[in-house]
Amino acid sequence: MNVYDSERMADVLAPLGYGLSDSPDDADMVILNTCHIREKAAEKVYSDLGRLKPHQQKKAEDGSRMIIAVAGCVAQAEGDEIMARAPQVDMVFGPQTYHRLPEMVSKAKRAVGEKILDTDFPAEDKFDHLPEERVRKGEVTSFLTIQEGCDKFCTFCVVPYTRGSEFSRPATTVLQEARRLVADGVREITLLGQNVNAYHGEGAEGREWGLARLCRELAEIDGLERIRYTTSHPRDVDDALIAAHGDLPKLMPYLHLPVQSGSDRILEAMNRKHTADDYRRIVDRLRTARPDLALTSDFIVGYPGESDQDFADTLKLVTDIGYAGAFFFKYSERPGTPAASLREQVDDAVKSERLSALQQLLESQQEAFNASVVGKTMPILLEKPGKHENQLVGRSPYLQPVHLDIPENRHASMIGTVIDCKISSLSGHSLFAVPIDDAESGTDSATRHNTARPNPSEPSSGQERISA
């Protein structure tokens, strides 16, 4: 979501003459787009602000100016504190207000020393005021936000307080944006939302569409090869979405479905509103509809009151499900959330021990999953040149990076195509592959998989620079 938001901020600022800078050394503006989901991410904001201060001072000594801004969820939650702790910051604004950046920048330029704080939840929809998204040169994959906010109020989570209540963009607007992206060369779109499968946008006929209906309409776009979505909540996996996974070859067989814990007692304390067996049944139905489906998830260890048995239940769930990858964290208190006030906080040493055990199990599953595809044939979306000469890098249906030896004179014609490849070897988390029809990999095999079901800028002169 923050990658998408950063790109849209760049789109908003482009008419003002700003272009992207690779470093803060020559930037006229630096925007830190922040996440507040974990304590470590929030702390990093202040660390980065400290590192930016000398750059800002050097700019001033040279007779110019660097505007420093903090955006995103930390800005939303801690705007006043940022202003107090980091006087070098000129602007602080939340994730719902970046369409108002031109106005904020104008004020900051006019009044040196005047601090700008905008963390309101505006009545207007920011998407209605944003320019059309620009595809970055050569990109064949793109993010597309369709939903924001969350109404679930999990006790550990700050999202409802920093992103607000659930909001879904109209389906017609999403489809228009998707068609523009495909026309500009994008072949894979990842639909984004804090709770993306709670999508309920208005369709063309005035009726509400769910995520499944939206995916079915997106699948009809010529030139769009792959559809993904993230992040989901088990409570919003409905019959229609399960059916879509079985019916739509363009909907990739790779689903991120956070469970957080395998203990019913902890799930209830987290206000997740599902049990471990509910989750197992959802996964069983998804895998029945799409047998080659691979799953990833999120886990929190050391939630207040978590016992050894609760943690053992989590390990059992992981063993029962089998994951292709996962994100796992020690619980950290987020100010303002219900869990932060609970007395039964777990000792940090215990958290670390449990995290290590969970990590070993999940990483062994990921290694086994990656090893299981060696020797198999899979369709690979070719995305960009690799680091080495005569190398192209693509992605499998399961988001694994795949490296192929392809002569450089064929790169331009092959990037953005999907070709059948045999996975020949594995190194770390990267796969190496050979096109099935190597002699014709730039022609026939490069165009074969429009609907095939897989097996398991440099700114112009006069522009100001922005580092985001």
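The present account deals with the structure reproduced in this document. (Residues numbered from 1 in each chain as written. Predicted model: local features only at pLDDT ≥ 70, side-chain atom pairs only at ≥ 80, totals over all residues. Heavy atoms only, no water.)

1. Regarding the overall build of the chain
A tally of regular secondary structure across the chain gives 13 helices and 21 strands. Residues counted as buried form 52% of the 468 residues belonging to the chain. Only carbon and sulfur atoms are counted for the fraction: they give 48% of the accessible area of the chain, which is about 20,600 Å². (Helix = DSSP H or I, 4+ residues; strand = E, 2+ residues; numbered from the N terminus. Buried < 20%, exposed > 50% of the residue type's maximum accessible area, 1.4 Å probe, protein only. Areas by Shrake-Rupley, 256 points an atom, 1.4 Å probe, with all protein chains shown as cover.)

2. Some points on helix H12 (residues 348-372)
Between the first and last C-alpha of H12 there are 36 Å, a value that for 25 residues agrees with the 36 Å anticipated at 1.5 Å per step. All buried positions along H12 are accounted for by Lys351, Arg354, Leu355, Leu358, Leu362, Gln365, Phe369 and Asn370. Where H12 is buried, its residues meet strand S14 (294-301), helix H11 (308-321), strand S15 (325-330), strand S19 (418-427) and strand S20 (430-435). Between the side-chain oxygen of the N-cap and the backbone nitrogen of Ala349 there are 3.0 Å, and the N-cap of H12 in question is Asp347. (Expected span 1.5 Å × (residues − 1). Contact = heavy atoms within 4.5 Å. Polar contact = N/O pair within 3.5 Å; in protein donor to acceptor, adjacent residues only side chain to side chain.)

3. Remarks on the packing of helix H1 (residues 2-13) against helix H4 (residues 101-110)
Close contact between H1 and H4 brings their axes to 9 Å; oriented N to C, the two are set at 65°. Our pair here, H1 against H4, has a crossing hand that is right-handed. Taking contact as the criterion, the partners of Met9, Val12 and Leu13 in H1 are, on H4, Leu101, Pro102 and Val105. (Axes fitted to C-alpha atoms, helices over the stretch in contact; angles between N-to-C directions. Left-handed = near helix turned anticlockwise from the far one by under 90°.)

4. Some thoughts on the sheet that holds S15
Taken in spatial order, the three strands of this open sheet run S13-S14-S15, and their pairing is parallel. The outermost strands of the open sheet, each flanked by one partner alone, are strand S13 (254-256) and S15. Between one strand axis and the next, the sheet turns through 10° on average, direction left out of account. Alignment of S13 against S14, held across three bridges, turns out to be parallel. Bridging from a neighbouring strand, Leu255 pairs with Leu295 of S14. The sheet contacts of H12 involve S14 and S15, and relative to S15 the element is tilted by about 175°. (Pairing = 2+ DSSP bridges.)

5. Re the sheet that holds strand S6 (residues 141-145)
One open sheet accounts for three strands, arranged S6-S9-S12; its pairing is parallel. At either margin of the open sheet sits one strand with a lone partner, and together these are S6 and strand S12 (226-230). When strand polarity is set aside, the average angle formed by the axes of neighbouring strands in this sheet is 25°. The sheet strands contacting helix H7 (residues 211-218) are strand S9 (188-192) and S12, and the helix crosses S9 at an angle near 160°.

6. Brief notes about the packing of helix H10 (residues 276-289) against H11
Interhelical geometry of H10 versus H11 gives an angle of 10° and a closest axis separation of 11 Å. Classified by the interaxial angle, the pair formed by H10 and H11 is roughly parallel. Along its contact with H10, which presents Ala276, Tyr279, Arg280, Val283 and Arg287, the element H11 presents Lys316, Leu317, Asp320 and Ile321. Here the contact of H10 with H11 is composed, by residue class, of five nonpolar, no polar and four charged. (Parallel < 35°, antiparallel > 145°, perpendicular 65-115°, else oblique. Nonpolar A, V, L, I, M, F, W, Y, C, P; charged D, E, K, R; others polar.)

7. Thoughts on the nonpolar core
In a soluble, globular protein the nonpolar side chains are often hidden away together inside. Among the nonpolar cores identified, the biggest contains 68 residues, and Met91, Phe93, Leu101, Leu191 and Leu214 are the most heavily contacted of them. Counting residues per element, this core draws most heavily on helix H6 (residues 171-183), which supplies six residues. Residues within four places of Met91 in sequence aside, it is in contact with Ile67, Ile68, Ala69, Val70, Leu101, Met104, Val105, Ala108 and Ile116. (Core = buried A, V, L, I, M, F, W, Y, C linked by side-chain atoms within 4.5 Å.)

8. Regarding H1
The periodicity of an α-helix, 3.6 residues per turn, causes residues three or four positions apart to be oriented the same way. Here H1 spans 16 Å end to end across twelve residues, near enough to the 16 Å set by a 1.5 Å rise per residue. In terms of burial, H1 is largely enclosed, as ten of its twelve residues are buried. What H1 keeps buried is the set Tyr4, Asp5, Ser6, Glu7, Arg8, Met9, Ala10, Asp11, Val12 and Leu13.

9. Some points on the pairing of S19
Here strand S16 (residues 377-385) runs beside S19; their pairing, made up of five bridges, is antiparallel. Bridged to Thr377 within S19 is Lys422. Two strands pair when backbone bridges link them, and S19 and S20 are joined in this way by six bridges, in the antiparallel orientation. Bridge assignment links Ser425 to a residue of S20, and that residue is Phe432. Counting the residues in the hairpin turn of S19 and S20 gives two residues, including Gly428, whose phi is positive at 65°.

Bear in mind that shape data such as this cannot, by itself, settle questions of function.
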